[in-house]
Amino acid sequence: MTNNPESWIHEVEELQRRRELAYRMGGEDGVERQHRQGKLTARERIDKFFDAGTFNEIGVLVGKAQYDDSGYELVDFTPSNIVIGKGRVDGRRTVVAADDYTIRGGSSEATSPDKWQYAEQTALRYRQPLVRFVDMAGGSVRLLEQTQSTKLPAYPMWEWVRMLEEIPVATVACGPCAGLGAQKVAGSHFSVQVAEIGQVFAAGPAVVEPGIREVIDKDALGGVDVHAKGSGVVDNAADDEDDAIAQIRRWLSYMPQNVFSLPPRQTTDDDPERREDELLDIIPRSQRRVFDSRRMLELILDQDSIFEIGRYHGRGAITALARLNGYPVGILASDPRYYGGAQGEREAEKFTRFLDVCDMFHIPIVNFHDQPGTMIGKEAEARGTVGKTMRTLVAIEQTTVPWCAVMVRRAYGLAGSGWGRWRGVTRIAWPSAHWGSIPIEGGVFAAFRRDIESSSDPVSRTEELEERYRAFASPFRTAERFGVDDIIDPRDTRSFLCQWIEDAYEVLPQDLGIKRRGFRP
């Protein structure tokens, strides 16, 4: 201890004391209650998320202080219920904002708006990814007594739209996410919801019951089954918080730091010339049989590189991040096990959102196209499927990143035309591919209904007509007219794409910068 009267040691000791008071969060009871609910604390989440020893906290001294009568001696201190700062994820600088539910339930009305907005502004200013851990109650009428007024609902200094146009934003729903919390989850490029503890809703049960006379619990109102496995408001479900953190870290590994830089390439031992004989018979000859799209992707893309986004909603569509020879790539495909892979309104919305993310962050797109068409029937029409499909087609045309369409099976009707942009797209096909404005099976009956119904053997007549027109549907006839770039042996697909991705990343620097149309959450 120094006796130098010029020393600032007493202030440094006071600084350390205040830090220790902040680190206790909501106190032992609050932390214990958080753990009883099966949840990590904000600081535990941050420790697990960042590379060890890299977190630098910002605003640790923000909070509500109590002083003695002299106004100099600190009696007690309650920290702000949000923890913010910067650290590294796989060596890359990243900003974090984690709600502290141990203090007044993480309420947005009880925190310092300046603090959490500062975190987001910092990420934007330095063009670094932002990750939010959302665990917060919504607004509270108790605040009115303190402020003696109300306010228009908004945060004027929060540039969340601009953020979505410039930096990767990911969010974990690891507790109740009401009001502003729901907006933070939905207003991100990638979101994960933790089973049993994460709920997302515009208003919680306590507001819903008196508002619309509906008695419901938190999970039934906004749990994983409602959103991550239903509505698609949240992208992925997580079994627990460790799983959620691992998913966020993995998603970031495909992302550039911002829209002014390229996605990072990783080293791989997977031979770009690898050929898989299994691809020769993965597509059934029978049009009525399904196949395993995910297995097809595994055989072509870098081993263990596929990270699926939104698997449990819009299930006829597959969207995933993956790698080709170490380069990040966005993958589109269909799952024929769900309504034959036809595009319904949720599949269309899923494709549109994913396309926006890939295009925003300069991730080339490969579409393994097998699309029987837009979902049909009364219910599909009532749900606005055609309109949602049109939005997808617009999103496709608005992309500027390199795009390769691999026509593996079907391409029919409105949704079938979504194999890629009309200009600047590489188009290859497998021998199993076929396409047209309408499938042969339904098209023959529509065109020759009277002929078929008046025939002595309608079944035989239908088969005869289908066989006749099926000859015109051969992909070789399209190739003869240069309707596709080439038809290839399915086993050569990986080699072809690994060469294509090299070309794609050569021209990607021309695509850097903010997209004119922005991002649509």
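Presented here is a report on the structure given in the accompanying data block. All values derive from a computational prediction rather than experimental measurement.

Turning our eyes to something else, we now look at unusual backbone geometry. Positive phi, normally seen in glycine, also occurs at Asn325, with a value near 50 degrees. Tracing the chain through its elements places Asn325 in the loop between strand S12 (317-324) and strand S13 (327-334). At Phe482, a residue that is not glycine, the phi angle is positive and equals roughly 60 degrees. Of the residues examined, Phe482 reaches a relative accessible area of 56% and is grouped as exposed.

If you walk through the whole model with that rule in mind, you get zero disulfides. No disulfide involves Cys177; its sulfur sits 6.7 Å from that of Cys174, the nearest cysteine. Its sulfur unpaired, Cys404 is 11 Å from the next cysteine sulfur, which belongs to Cys498.

So, on to the environment of Gln193. On the secondary structure map, Gln193 appears in strand S8 (residues 190-194). Counting along the chain gives 18 residues from Gln193 to Gly175, while the straight-line C-alpha distance between them is 8.7 Å. A distance of 3.4 Å separates the side chain of Gln193 from the backbone oxygen of Gly223, its partner in a polar contact. Polar side-chain contacts of Gln193 include one of 3.4 Å to the backbone nitrogen of Ala228.

The next subject is helix H21 (residues 493-507). Between its first and last C-alpha atoms H21 spans 21 Å; for 15 residues at 1.5 Å apiece the expected length is 21 Å, and the two agree. Turning to H21, its buried residues number three or more, namely Thr493, Arg494, Ser495, Leu497, Cys498, Trp500, Ile501, Ala504 and Tyr505. The secondary structure elements touched by the buried residues of H21 are helix H12 (293-300), S12, S13, strand S14 (365-371), strand S15 (403-412) and strand S16 (425-429).

Criteria and cut-off values
- Residues numbered from 1 in each chain as written.
- Predicted model: local features only at pLDDT ≥ 70, side-chain atom pairs only at ≥ 80, totals over all residues.
- Heavy atoms only, no water.
- Helix = DSSP H or I, 4+ residues; strand = E, 2+ residues; numbered from the N terminus.
- Buried < 20%, exposed > 50% of the residue type's maximum accessible area, 1.4 Å probe, protein only.
- Disulfide = S-S within 2.5 Å.
- Polar contact = N/O pair within 3.5 Å; in protein donor to acceptor, adjacent residues only side chain to side chain.
- Expected span 1.5 Å × (residues − 1).
- Contact = heavy atoms within 4.5 Å.

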